[in-house]
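# Observations on the model geometry
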Amino acid sequence: MATSTDRHPFFIPLVLVGGLIFGFGLGYSHMARPEVVLNFLQFEDFGLLFVMFGGAAVTGIVFFVMPRVLDRAPLTGDPFERRLKSFDRNVLIGGAIFGVGWGLSGICPGAAYASLGIGNVTILWALAGMFIGAYLQGWWRSRATDGVDPSPTGAD
C-alpha cells in the first residue's frame, strides 16, 4: 500500500483544484443555499436530485472505466479495488443522525463550505455543530474501544 510519501507531487494541488471545482459547482447550481436543500427535502424542488444524479453518473463512469485503463490510481499508486462496508447498526444510526442534521440545517458538510464561500456566514453554526458532532463521535468511539486493537479491518 502506498504511503503519503509515495504520492505523486501533484496529489495535493489536484485535490485542492477538485475541491474548488466541487465548491464552485455547488455554488453555481445554488445547491449551497440551505433553502434550496430544504425545498428538496420537502418535495417542492427536485433540482438537487438532478445535481446528485449528474455527479453520481460521472463518478460511476469514471469508477467503471479507470480500472480498465490503469492498474493503479495515477496519483496515489494504490490499486483499484472495491471497499466493502457492511450495513450494520452503526451505519443505520449514523445515517439517521446525518439525515436529521441535514434536515435541520438544510446543508450537508461539503455544501456547508461552499455556502460559506457564497457569503452565508450563519452557516458557521452548522459547521460548528458538524465539528462538535465529529469530535463527540470520535470521543465516544475511543471510549467504546478502550482495550481493543484500533487497527482497521477490511471493512473500515
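Above this note sits the structure.
Before going into details, it helps to say that this report is about the structure given with it.

Calculation rules
- Residues numbered from 1 in each chain as written.
- Predicted model: local features only at pLDDT ≥ 70, side-chain atom pairs only at ≥ 80, totals over all residues.
- Heavy atoms only, no water.
- Helix = DSSP H or I, 4+ residues; strand = E, 2+ residues; numbered from the N terminus.
- Buried < 20%, exposed > 50% of the residue type's maximum accessible area, 1.4 Å probe, protein only.
- Contact = heavy atoms within 4.5 Å.
- Areas by Shrake-Rupley, 256 points an atom, 1.4 Å probe, with all protein chains shown as cover.
- Phe/Tyr/Trp six-rings, centres within 6.5 Å; stacked < 30°, edge-to-face > 60°.
- Lys NZ or Arg CZ within 6 Å of the ring centre and 35° of its normal.
- Axes fitted to C-alpha atoms, helices over the stretch in contact; angles between N-to-C directions.
- Parallel < 35°, antiparallel > 145°, perpendicular 65-115°, else oblique.
- Nonpolar A, V, L, I, M, F, W, Y, C, P; charged D, E, K, R; others polar.
- Core = buried A, V, L, I, M, F, W, Y, C linked by side-chain atoms within 4.5 Å.
- Salt bridge = Lys/Arg side-chain N within 4 Å of Asp/Glu carboxyl O.
- Arc of directions from axis to C-beta.

### Quick word on the overall build of the chain
- Tallying secondary structure elements over the chain gives six helices and zero strands in all.
- Starting at the N terminus and walking to the C terminus, you meet the elements of the chain as α-α-α-α-α-α.
- With the C-alpha coordinates aligned to their principal axes, the bounding extent of the chain is approximately 45 × 45 × 30 Å.
- Taking all 156 residues of the chain together, 15% fall into the buried category.
- Taking the intrachain contacts of the chain between residues at least 6 apart in sequence as the baseline, contacts between residues at least 24 apart amount to 51%.
- Total accessible area computed for the chain in this model is approximately 12000 Å², and 70% of it derives from carbon and sulfur atoms.

### Side note on the packing of aromatic side chains
- Inspection of the entire model under this criterion finds three aromatic pairs.
- Pairwise contacts between aromatic rings join F40, F98 and W102 into one cluster.
- For the cation-ring pair, R68 lies above F64, with the distance from its terminal atom to the ring centre recorded as 3.8 Å.

### Observations concerning the packing of helix α1 (residues 11-28) against helix α5 (residues 109-117)
- At a minimum axis separation of 9 Å, α1 and α5 run at an interaxial angle of 75 degrees. Considering their axes alone, α1 and α5 lie roughly perpendicular with respect to each other. Mapping the contact onto sequence places F22, G23 and L26 in α1 and G110, A111 and A114 in α5.
- Of the residues belonging to the contact of α1 with α5, the class tally is four nonpolar, two polar and no charged.

### Considering the packing of helix α2 (residues 34-41) against helix α4 (residues 89-105)
- At a minimum axis distance of 8 Å, the contact between α2 and α4 shows a crossing angle of 120 degrees. On the basis of the axis angle, α2 is oblique to α4. Residues P34, V37, L38, F40 and L41 of α2 form the contact with α4, whose own contacting residues are W102, G103 and S105.
- Residues belonging to the contact of α2 with α4 are distributed by class as follows: six nonpolar, two polar and no charged.

### Digging into the nonpolar core
- In this structure, L26, M31, L48, W102, I107, A112 and I123 are the most contacted members of the largest nonpolar core, which totals 15 residues.
- Listing elements by their share of this core, those giving two or more residues are α2, α5 and α6 (123-144).
- Beyond its immediate stretch of four places on either side in the chain, W102 contacts V37, F40, L41, L48, I107 and C108.

### Some remarks on the pattern of salt bridges
- Under the definition given, this model contains one salt bridge.
- Here R33 makes a salt bridge to E35, at a shortest N to O gap of 2.8 Å.
- By relative accessible area, which is 31% here, R33 ends up partly exposed.
- Given the relative accessible area of 39%, E35 is considered partly exposed.

### Details of α5
- Taken residue by residue, α5 has A111, A112, A114 and S115 as its buried positions. Down the axis of α5, the buried set is contained in an arc of 165 degrees. They therefore lie on one face.

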